[in-house]
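The chain contents come next:
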Amino acid sequence: MPEFPQPWNRSASQRRRLGRYGSMSRPIQKVAFIGLGKMGGPMASRLAARGYRVQGSDVSPEALDQLRKAGGAPADSPASAVADADAVILMLPTSDIVESVILSDDLLDALPVGALIIDMGSSEPLRTLALAERLASHQHPLIDAPVSGGVRGAEQGTLTIMVGGAEEAMERAQPLLEILGKPTHVGPTGAGHALKALNNLLSAAHLWITSEAMLVGERFGIDPKVMLDAINGSSGRSGSTENKWPNFILPETYNSGFALGLMVKDMSIAVALANSLGLPSPLGQESLRLWKQAQSELPPNADHTEIVKWLRIHHR
Ligand code: NAD
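Since this is a predicted model, take the numbers as computed values, not measurements. All residue numbers here refer to positions counted from 1 along the written sequence of the relevant chain. Totals for whole chains, interfaces and linings use all residues, but because this is a predicted model, local features are given only for residues with pLDDT of at least 70 and pairs of side-chain atoms are given and counted only at 80 or more. Hydrogens and waters are ignored; side-chain quantities use all the structure's heavy atoms.

Draft legend 1. View of the packing of helix H10 (residues 191-220) against helix H14 (residues 282-297). For the pair H10 and H14, the least separation of the axes is 10 Å and the interaxial angle reads 65°. Between H10 and H14, the crossing angle belongs to the class labelled roughly perpendicular. In this structure, H10 crosses over H14, and the sense of that crossing is left-handed. Along its contact with H10, which presents Leu-201, Ala-204, Ala-205, Leu-207 and Trp-208, the element H14 presents Gly-284, Ser-287, Leu-290, Trp-291 and Ala-294. Residues were grouped as follows: Ala, Val, Leu, Ile, Met, Phe, Trp, Tyr, Cys and Pro as nonpolar; Asp, Glu, Lys and Arg as charged; and all remaining residues, including Gly, as polar. Taken together, the residues of the contact of H10 with H14 break down into eight nonpolar, two polar and no charged. Each axis is a line fitted through C-alpha atoms, taken for helices only over the stretch in contact, and angles between the N-to-C directions span 0 to 180 degrees. The secondary structure listing takes helices from DSSP runs of H or I that are at least 4 residues long and strands from runs of E that are at least 2 residues long, numbered from the N terminus. An angle counts as roughly parallel when it lies under 35 degrees, as roughly antiparallel when it exceeds 145, as roughly perpendicular when it falls between 65 and 115, and as oblique in every other case. By the definition used in this description, the sense in which the near helix is turned from the far one sets the handedness, with an anticlockwise turn below a right angle giving left-handed and a clockwise turn giving right-handed. Any two residues whose heavy atoms approach within 4.5 Å are treated as being in contact.

Draft legend 2. Structural context of helix H9 (residues 167-180). How far a helix is expected to stretch is found by multiplying one less than its residue total by 1.5 Å. The end-to-end C-alpha distance of H9 is 18 Å, a good match for the 20 Å that 14 residues give at a rise of 1.5 Å each. Taken as a whole, H9 has its buried residues at Ala-169, Met-170, Arg-172, Ala-173, Leu-176, Leu-177, Ile-179 and Leu-180. Each residue gets one of three labels from its accessible area relative to the maximum for its type: buried under 20%, exposed over 50%, partly exposed in between, using a 1.4 Å probe on protein chains only.

Draft legend 3. Fine view of unusual backbone geometry. One non-glycine residue, Gln-139, adopts positive backbone phi at about 60°. As for its placement among the helices and strands, Gln-139 is situated in the loop between helix H7 (125-136) and strand S6 (142-144). On the basis of relative accessibility, which here comes to 38%, the residue Gln-139 falls in the partly exposed class. Notably, Glu-252 is not glycine yet its phi reads approximately 60°, a positive angle. Its location among the elements puts Glu-252 in the loop between helix H12 (239-249) and helix H13 (260-276). For Glu-252, a relative accessible area of 60% puts it in the exposed group.

Draft legend 4. Quick peek at the site of the ligand. Put simply, a residue is near a molecule or strand once any heavy atom of it comes within 4 Å of that molecule or strand. Around the ligand sit 22 residues, and of these Lys-38, Met-39, Asp-58, Gly-257 and Lys-265 come closest. Polar contacts here mean pairs of N or O atoms no more than 3.5 Å apart (in protein, one a potential hydrogen donor and the other a potential acceptor; neighbouring residues in sequence count only if both atoms are side-chain atoms). Between Pro-93 and the ligand, the recorded distance is 3.3 Å, taken from a backbone N or O atom to an oxygen atom. One nitrogen or oxygen atom from the main chain of Gly-257 is found 2.9 Å from a nitrogen atom belonging to the ligand. For accessible areas, the Shrake-Rupley method is used with a probe of radius 1.4 Å. Any residue's cover is judged against the shown protein chains and nothing else. If the ligand stood free it would expose 830 Å²; the protein chains cover 85% of that surface. At the level of secondary structure, the elements contributing two or more residues to the shell around the ligand comprise helix H5 (95-102) and H13.

Draft legend 5. A look at empty space enclosed by the protein. Think of a 1 Å grid over just the protein atoms. A cavity is a set of points where a 1.4 Å probe fits yet cannot get out, a pocket is an open set with protein on both sides within 12 Å along at least five of seven lines, and lining residues have an atom within 4 Å of a point. Grid points are joined across faces, edges and corners, and a volume is the space filled by probe spheres set on the points. Following the criterion strictly, the structure yields two cavities of 30 Å³ or more and no others. Roughly 40 Å³ of volume is contained in the second largest cavity. Forming the walls of the second largest cavity are Ser-95, Val-98, Glu-99, Asp-119, Ser-123, Glu-124, Arg-127, Thr-128 and Leu-131. Contributions of two or more residues to the lining of the second largest cavity are made by H5 and H7. The class makeup of the residues in the lining of the second largest cavity is two nonpolar, three polar and four charged.

Draft legend 6. Quick peek at the packing of aromatic side chains. Only centres within 6.5 Å qualify two rings of Phe, Tyr or Trp (six-membered ring in Trp) as a pair; their planes then separate them into stacked at under 30 degrees, edge-to-face at over 60, and tilted for everything else. Per the stated rule, a full pass over the model turns up two aromatic pairs. Measuring from centroid to centroid gives 5.6 Å for Trp-208 and Trp-310, while their planes differ by 50°, and the two rings are tilted. Taken as a pair, Trp-208 in helix H10 and Trp-310 in helix H15 (residues 307-314) lie far apart in primary sequence, 102 residues in all. For Trp-208, a relative accessible area of 6% corresponds to the buried category. Ring-pair connections join several aromatic residues into one group, and the members of that group are Trp-208, Trp-291 and Trp-310.

Draft legend 7. Up close: the pattern of salt bridges. The term salt bridge refers to a side-chain nitrogen of Lys or Arg lying within 4 Å of a carboxyl oxygen of Asp or Glu. For the coordinates displayed, the defined rule picks out nine salt bridges. Here Glu-306 and Lys-309 are joined by a salt bridge, their closest N and O atoms 3.1 Å apart. With relative accessibility at 34%, the residue Lys-309 sits in the partly exposed group. Taken together, the shared-partner salt bridges in this structure form one network comprising Asp-96, Glu-99, Glu-124 and Arg-127.

Draft legend 8. Highlighting the pairing of strand S4 (residues 87-90). Judged by which residues are buried, S4 turns out to be covered on both faces: Ala-87 and Ile-89 on one side and Val-88 and Leu-90 on the other are all buried. The criterion for strand pairing is that DSSP finds at least two bridges linking the strands in question. Sheet topology note: the strand S1 (residues 30-34)/S4 ladder contains four bridges and is parallel. Bridged to Ala-32 within S4 is Val-88. Pairing of S4 with strand S5 (residues 116-119) involves four bridges; the strand directions are parallel.

Draft legend 9. Quick look at the pairing of S1. Of all five residues in S1, five are buried, a share of seventy percent or more. Residues Lys-30, Ala-32 and Ile-34 of S1 are buried on one face, and the alternating residues Val-31 and Phe-33, pointing to the opposite face, are buried as well. Following the backbone out of S1, through helix H2 (residues 40-49) and into the adjacent parallel strand S2 (residues 53-57), one traces a crossover that is right-handed. With the strands aimed away from the viewer, a crossover counts as right-handed if its path from the first strand over the helix to the second runs clockwise.

As structure tokens, then:
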């Protein structure tokens, strides 16, 4: 990981920005958006459509093209995206990538002091806490604001947004977050990322057990649609019976837009969090083991709903 620059090492241009943007309460107008994938792409497009000046960065040229079409400005690096930004949104796959992007010397040198960093990806809560402390000492406040609601929620601006961090920082981000969905302050720094991982551990376990039950019912001769209707009026319902099975599994499209690898990452974060807090999580651990086994036998870019394909083969 690159060395974190010390204040006395700031360049002349950084010191000029310090003077210009010293205020932490500057309203957000210019947004650097880093990570324009399945979620970040539509989120950045919504912000551009609502009048924010969005400078986007992604390693994928196709993602940058999409942003251009949506009215945003593609930047040739994360560092040039953040120059002059009031806020930096990160929608990246992992904490490793978040840290490598945000702690690069080039980016830190270009980042205006007081720019609010908003990590909207599903990162690791304890690493988020450490990162926020490191950035705060250089007047770069960070909040975590991970989301649920999937690609459809990103397109329609209906995401559930779980915000961790200082309340005044969240208030500053609120108008922008409300364009993307419904933000709720859930606790101190890292609480959003903790809650998001725990939600996905539940969601993954629900999908697995729902799929086991659906395959048993099917083998017995019950029509899967009849089963879903009945379960959705009963206590076994969940996002898996209300959304994933009817919309992505029964039609055999398997195109929820949420990769299996990202689900396993989130489950690993939740189980590791339980361990680090000294709490047992036997069912979580067993769910993670099963999901990892399916992951090892499915294609690397499989959608998470494709675990049903794996179950169909292994439960024959
Ligand atoms: P994705 O893989 O579609 O998008 C990630 C983007 O980051 C890609 O476009 C990739 O090119 C880009 N990227 C990777 N490394 C980069 C770097 N060093 N610099 C710049 N860009 C880089 O993933 P996604 O599904 O959009 O998920 C993003 C985050 O949101 C993840 O943390 C995921 O767990 C979380 N999430 C996803 C969903 C979903 O339904 N897809 C829902 C909720 C949360």
